[in-house]
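# Chains, contacts and geometry: an overview
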Amino acid sequence: MLTSVAVSSLILGLGVNYAAGQSSFEYIVVGSGPGGGPLAVDLAKAGHSVLLLEAGSDLSDDPLYQDINKATAASNDPRTRWDFFVKHSDDPERELKYKHMTWRTTNGSFYVGLDPPEGAEQLGIYYPRAATLGGCAMHNAAVLHLPSDENWNYIAGITGDESWKASEMKKIFEEIENCHYLENGTAGHGFSGYLDSNQDHGAWLSNATDGTALLKSIAELSGSVENSTGSAISEAELKTLVNRDINGPEPDRDQLTGVFGMATHTDAAGHRFSPANYIRRAFEENPDLPLVVELNAYLTNIEWDQLSDFEPPSVMSINYAAGPSAYKADPRHDPSQNTTTVFKWVAKELIIAGGAFNTPQILKLNGIGPVEELKKHNITVVSDLPGVGENLGDNYEGGVLSLAAKPLVGFGDRYVVQLKTSASQGNRDIFLWPLNSGFEGFWPGYPDNYGSNVLTIPFVHMDPRSSNEGSVTLRSADPFEPPEINFRFFGNDSDKDLQAMLEAVKFAQKVKDLLPGNSSFTPFDELHPCTGDGSDCTDEAIKEYLKLQAYSHHASGTCAIGNVSDLMSVLDSRFRVKGVNRLRVVDASVFPKPPGAFPVLPTFMISKKAAKDILEDYGKW
């Protein structure tokens, strides 16, 4: 675990605080997640001096964060948690129908539910983020899922930059991947990069009982095999299914449906891999790497060089607060605790990688954003960019939660089912997986404990039509105060999104119906979205439930890349912020649309692309 503010000093064992002694860096990167962490390493490996600021500490050696099966506990851990509370709409009455609405009681504790105690303050819908070395890759479920080719080609189309084409981005994927679950040399994958990928091989099938019966039903219903009945599907066929490569090179990959293995960012031993591992490995390979990592460091302001009448303002320097839990979203934040202000010169560029909530907040606080919002908070306008903080999007998530007649035995390991609904725009649009645990979204202390009888089939609706209508706006000019966040779910053109989600619910319900009567864990008692056997639950009732109770955890789009002539674009195709010099953004906020089912892999990929672009711009790639 890295506890010094300078990672290099701890690894070398010299006890020297390089960050304190070095006043200028060629590049300063803010945020150590999948966007910023690898980028900082790649720039340093190219010989540039780099300062990487991380607002949290380093827990990469903690067993809780090494085991991806403990992701729920990790995301509830107050040592790394940032508690954001968001809205799903502009309708206060609709918000109050969200059954996991979170409130702050008069004694300071959380209440979650629809009947808060007297005097409780409504906080909103819980949306936890991670502040730790490695970012959200340290507390997520670690799913690696390539977005569709259309996600990449869309960016290439709107920008005119062919380096964003899917064919080029796949080369980057192969360059960064270190695949552990396929034979070396398998087409479409890399085997010498830094990003460890792995996948369960289905050995659990030999010992699974209830899990095998469930998988057979899923395989039959999804058309994954050509046998006519679930009972005819052999264990060998099931093992083939759970070994299918979800990130394969097939030309029609984006249309393929059925059962697949679940690829994860884990190493050969199954331990979580995050940018923290890449940073540590880089120092092990080169103790003299010109990279300084400062932990518990929160960027507060950017100083601008505005002396020239003929050039846009340029980043000159930054200030940051040094000290733990400075940001008010940190549950350990203590307003009486002092921090130290630290100043650093930026010799070449500042790169913001704070994520879809914090990056637009940083830009706005430093004069980049919608002019009226900036003036409201008495912030000097540096660049009037109305798209900063707009275009907030996410995939919609939901699920079917039921209780079996008995505890489930031999449930098995991870796999994925991908579906293509009648509302699809051409590609598969549902990503689902079965769980022997209760999972219905996020709230403080989630999930509810339903015991070992529970079967949840959660799903992600990919490529939603009615997303990207949300916003991140300032509450004040205080850099430590979390912003106002409103996703505005299910706005324009939401009927088709709800239809796709309805079909995902019906698939999950039919899976239970296909289980053989002698399986002993039938019948199921469905709790959500329907109750009991679901016979009194209409399509419209399910859609209404989904509209009110959908959740999400993968925000993107608030500093979107686009055509430079588009008033609502924030970045050009090389991650440069419009209207200023020497400033880029490299995180999930850059995506104009949600990138696939989970944004972590696309963000790792754009990190490498940004490194190439930056070094190419300075003639050193």
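Residues numbered from 1 in each chain as written. Predicted model: local features only at pLDDT ≥ 70, side-chain atom pairs only at ≥ 80, totals over all residues. Heavy atoms only, no water.

Let's shift gears to the overall build of the chain. On a plain count of helices and strands, the chain comes out with 16 helices and 24 strands. Rg of the C-alpha trace for the chain: 24 Å, near the compact-globule value of 25 Å for 621 residues, within the 12% margin. Reported as C-alpha extents along the three principal axes, the dimensions of the chain are approximately 75 × 60 × 50 Å. Evaluated residue by residue, the chain yields a buried proportion of 60% over its 621 residues. Once local pairs closer than 6 in sequence are excluded, the contacts in the chain between residues at least 24 apart make up 70%. With an accessible surface of roughly 22,900 Å², the chain has 49% of that area assigned to carbon and sulfur atoms. Side chains of the chain carry 50 positive and 81 negative charges; the gap between the two charge centres is 2 Å. (Helix = DSSP H or I, 4+ residues; strand = E, 2+ residues; numbered from the N terminus. Rg over C-alpha atoms; globule rule 2.2 N^0.38 Å. Buried < 20%, exposed > 50% of the residue type's maximum accessible area, 1.4 Å probe, protein only. Contact = heavy atoms within 4.5 Å. Areas by Shrake-Rupley, 256 points an atom, 1.4 Å probe, with all protein chains shown as cover. Lys, Arg positive; Asp, Glu negative; His and termini not counted. Charge placed at Lys NZ, Arg CZ, Asp CG, Glu CD.)

Let's shift gears to the packing of aromatic side chains. If you walk through the whole model with that rule in mind, you get 34 aromatic pairs. Pairing Tyr 298 with Phe 480 gives two aromatic rings, centres 5.6 Å apart and planes at 35°, and the pair type is tilted. Note that Tyr 298 is positioned in strand 12 (residues 297–305) and Phe 480 in the loop between strand 21 (471–473) and strand 22 (484–486), a separation of 182 residues in sequence. On the basis of relative accessibility, which here comes to 8%, the residue Tyr 298 falls in the buried class. (Phe/Tyr/Trp six-rings, centres within 6.5 Å; stacked < 30°, edge-to-face > 60°.)

This part covers the pattern of salt bridges. When the charged atoms of two side chains lie near each other, side chains of opposite charge can form a pair. In the structure shown here, the tally under the stated rule is 33 salt bridges. Asp 62 serves as the salt-bridge partner of Arg 79, at 2.9 Å between the closest nitrogen and oxygen. Placement of Arg 79 in the loop between helix 5 (71–75) and strand 3 (81–86) and of Asp 62 in the loop between strand 2 (50–53) and helix 4 (63–66) is noted, with a sequence separation of 17 residues between them. Taking the relative accessible area as the measure of exposure, Arg 79 reaches 32% and is therefore partly exposed. The class for Asp 62 is buried, based on a relative accessible area of 14%. (Salt bridge = Lys/Arg side-chain N within 4 Å of Asp/Glu carboxyl O.)

What follows deals with the sheet that holds strand 7 (residues 177–179). Here 3 strands make up an open sheet; going across it, the order is 7-8-10 and the pairing mixed. Strands at the two margins of the open sheet, each flanked by one partner only, are strand 7 and strand 10 (263–264). Its contacts with the sheet put helix 8 (residues 166–176) on strand 7 and strand 8 (195–199), and the angle it makes with strand 7 is roughly 60°. (Pairing = 2+ DSSP bridges. Axes fitted to C-alpha atoms, helices over the stretch in contact; angles between N-to-C directions.)

Turning our attention to the state of the cysteines. For the coordinates displayed, the defined rule picks out 1 disulfide. Covalently, Cys 530 is tied to Cys 537 through a disulfide, its sulfur atoms 2.2 Å apart. Here the S-S torsion is close to -75°, and the disulfide linking Cys 530 with Cys 537 is therefore left-handed. A residue is classified by how much of its surface remains accessible, and Cys 530, at 2% relative accessible area, is buried. Here Cys 136 stays free of any disulfide, with the sulfur of Cys 559 as its closest cysteine sulfur at 16 Å. Its relative accessible area of 25% is what places Cys 136 among the partly exposed residues. (Disulfide = S-S within 2.5 Å.)

Reading across the sheet, the 6 strands line up as 9-18-19-20-17-23 and stay open at both edges, with antiparallel pairing between neighbours. The strands lining the two open edges of the sheet, one partner per strand, are strand 9 (258–261) and strand 23 (525–528). The mean angle between the axes of side-by-side strands here comes to 25°, regardless of whether they run parallel or antiparallel. Here strand 9 runs beside strand 18 (residues 415–419); their pairing, made up of 4 bridges, is antiparallel.

Here strand 2 shows two buried faces, one formed by Val 50 and Leu 52 and the other by Leu 51 and Leu 53. Note: strand 1 (residues 24–30) against strand 2, 4 bridges, orientation parallel. Along strand 2, the bridge assignment pairs Val 30 with Leu 53. Crossover strand 1 to strand 2 through helix 3 (residues 36–45) is right-handed. Note: strand 2 against strand 11 (residues 291–294), 4 bridges, orientation parallel. (Right-handed = clockwise from strand over helix to strand, strands pointing away.)

Moving on, we get to helix 3. Counting buried positions along helix 3 gives 9 out of 10 residues, so the element sits mostly inside the fold. For helix 3, every residue scored as buried is listed here: Gly 36, Gly 37, Pro 38, Leu 39, Ala 40, Val 41, Asp 42, Leu 43 and Ala 44. On its buried face, helix 3 sits against strand 1, strand 2, helix 11 (275–285), strand 11, strand 14 (340–352) and helix 16 (600–617). Just downstream of helix 3, Gly 47 is the residue with a positive phi angle, here 100°.

Closest axis-to-axis distance for the helix 9 (residues 210–221)/helix 14 (residues 495–514) pair is 9 Å, and the angle between their directions is 120°. Taken as axis vectors, helix 9 and helix 14 run oblique relative to one another. Helix 9 and helix 14 meet at a crossing whose hand is right-handed. Across the interface between the two elements, Leu 214, Ser 217, Ile 218, Glu 220 and Leu 221 from helix 9 touch Phe 507, Lys 510, Val 511 and Leu 514 from helix 14. (Parallel < 35°, antiparallel > 145°, perpendicular 65-115°, else oblique. Left-handed = near helix turned anticlockwise from the far one by under 90°.)

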